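Next come the chains, spelled out residue by residue.
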Amino acid sequence: MANISANDWRPFTSFTRGRLMPQPEQISAVAAAIDDNPRGLIICGPDCPDNGFAEKVVALARRTGYPILADPLSNLRHGAHVDELVLGGYHTWLPTLEGLIPSLVIRFGAVPTSATLSTYLETIAPENHIHVREDGAWADDLHLTHTFVRCDPAALCEALAGHPGDMASGRDRSWTSLLTGIESGMWQQMEYELHAAPFFDGAAAAQLLKALPDGSILFAGNSMPIRHVDTFDRPSKRNLKFFGNRGASGIDGNVSTALGLAAATGRHVTALLGDITFYHDMNGLLAIRQHELENITFIVLNNNGGGIFHRLPIARHDPPFTELFLTPHGLTFEHAAAMYGLHYTAIQSGPTAASQLAEAIQNHARPQLVEIMTSNHDDYLQMNAVFARVRASLNAKEPVVV
Ligand SMILES: Cc1ncc(C[n+]2csc(CCOP(=O)(O)OP(=O)(O)O)c2C)c(N)n1
């Protein structure tokens, strides 16, 4: 253990926590479930542990042939551990999987970001649903869990990956290759569709994800940014860490959280935020001067309101939709950038927007604010159109075979 008292400063009270190691009977129970279920799925939600878990859960996936659906906030989508079993495109392709059902789901972490994934799980209600968490916190609002295993997930995965049982021999290779095939076909098609579509918020997120500097951190704000990241972030071997405030307090404090990450880690942080989220916590920008932060880039998708609300039934009732839900403000943030000492770039939607964004991320002085002017309604329409086209193409290429 580190010599806590040798630090220059220390908290009033220090806490240390040991690991809750899996017991032999816990390991054998999960191993037996794997033995009995050749068609399985591993789901890693937000807040998976950062103690070697990524490598160990991938080893378990290789051993069992169970693909991993990795939430962007699980921090499994990027890193040296990533291989073809780490899937990130499921929000788009899951609805095309009609008729194919895994009989075992092993879940780690908190409730996944993707509503499509939740709907899928609710619809198929897998016969065996195991949830593993060390802190014991319930994170299954659908109440599908049959077995809750309370222990260190990394230690459990390690024990299972090296288990002497029969786990590998019964695996359903056609299930594994079906999912990995749909995943790679989906990304190919998505690339094509984004290229063909006019620029919109989702396309900005996709462009940003490709341009993130290696070794950096992305903070994805609540509302649509984290959902766009979930949709457009393709797993890779790049060294990236993602953070978000899901389940904390909505759009509160997102600017401050991103700045806290920059101050605490010293790594470059890119914060992708909606305009209302940015505006709501704009006072937090003072921390840039107070802590002399240079390692921060804010990318604000200024679609003039809360675009997420187009996805709710209230959108069909205007008034009061525009005034009370969408809340357009007509502001731009150039003066706020000047006030808090941020380098400022404005990008208008259009054919050159994607390249301007890539340029701004790579080349401009920091701290900086890049404001992208988009339309909340166009984002809604384009997202629906892109989903429909990609899913139609997957259905056409991948006839559903059980
Ligand atoms: C503190 C707080 N107040 C209100 C809300 C309700 N709320 C959810 S999303 C949202 C609008 C966010 O708009 P924006 O940041 O522009 O993102 P977009 O929806 O356009 O992606 C609001 C007000 C919330 N989540 N948290």
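Owing to the predicted nature of the structure, the values given are computational and were not obtained by experimental measurement.

Rules and cut-offs
- Residues numbered from 1 in each chain as written.
- Predicted model: local features only at pLDDT ≥ 70, side-chain atom pairs only at ≥ 80, totals over all residues.
- Heavy atoms only, no water.
- Axes fitted to C-alpha atoms, helices over the stretch in contact; angles between N-to-C directions.
- Helix = DSSP H or I, 4+ residues; strand = E, 2+ residues; numbered from the N terminus.
- Left-handed = near helix turned anticlockwise from the far one by under 90°.
- Contact = heavy atoms within 4.5 Å.
- Nonpolar A, V, L, I, M, F, W, Y, C, P; charged D, E, K, R; others polar.
- Pairing = 2+ DSSP bridges.
- Expected span 1.5 Å × (residues − 1).
- Buried < 20%, exposed > 50% of the residue type's maximum accessible area, 1.4 Å probe, protein only.
- Arc of directions from axis to C-beta.

## A closer look at the packing of helix α7 (residues 201-211) against helix α8 (residues 224-232)
The interhelical angle for the contact between α7 and α8, taken along N-to-C directions, is 60°, at an axis separation of 9 Å. Where α7 crosses over α8, the handedness of that crossing is right-handed. Contact residues: Asp-201, Gly-202, Ala-205, Ala-206 and Leu-209 in α7; His-228, Val-229 and Phe-232 in α8. The residue inventory of the contact of α7 with α8, partitioned by class, reads five nonpolar, two polar and one charged.

## A short note on the sheet that holds strand β10 (residues 296-302)
Taken in spatial order, the six strands line up as β8-β7-β9-β10-β12-β11 in an open sheet, and their pairing is parallel. Pairing within the sheet leaves two strands with one partner each, and these edge strands are β8 (241-244) and β11 (343-348). Each strand of the sheet is rotated relative to its neighbour by a mean of 20°, with strand direction disregarded. As defined by bridge partners, strand β7 (residues 217-220) adjoins strand β9 (residues 269-274) across four bridges and the pair is classed as parallel. If you follow Ala-220 over to β9, its bridge partner there is Leu-272.

## Description of the packing of α7 against helix α14 (residues 353-363)
Orientation of α7 relative to α14, taken along the N-to-C sense of each, is 40°, at an axis distance of 9 Å. Crossing of α7 against α14: the hand is right-handed. Across the interface between the two elements, Ala-204, Gln-207, Leu-208 and Ala-211 of α7 pack against Ala-354, Leu-357, Ala-358, Ile-361 and Gln-362 of α14. Tallied by class, the residues present in the contact of α7 with α14 amount to seven nonpolar, two polar and no charged.

## So, helix α1 (residues 24-36)
Across its 13 residues, α1 extends 18 Å between first and last C-alpha, which sits within 8% of the 18 Å expected from 1.5 Å per residue. All of the buried residues in α1 are Ile-27, Val-30, Ala-31, Ala-33 and Ile-34. The buried residues of α1 all sit within an arc of 155° when viewed along its axis, so they share a single face. Turned more than 90 degrees from where α1 packs its buried face, Pro-24, Glu-25 and Asp-36 sit exposed. In this fold, the buried residues of α1 make contact with α2 (53-64), β4 (104-108), β5 (128-132), β6 (147-149) and α5 (153-161).

## Structural notes on the sheet that holds strand β2 (residues 68-70)
Ordered in space as β3-β2-β1-β4-β5-β6, the six strands form an open sheet in which the pairing is parallel. For this open sheet the edge positions go to β3 (86-87) and β6, each flanked by a neighbour on one side alone. Two strands pair when backbone bridges link them, and β2 and β3 are joined in this way by two bridges, in the parallel orientation. Bridge pairing in β3 links Leu-69 to Leu-87. The strands touched by α2 within the sheet are β1 (40-44), β2, β3 and β4, with β1 carrying the most contacts at an inclination of about 170°.

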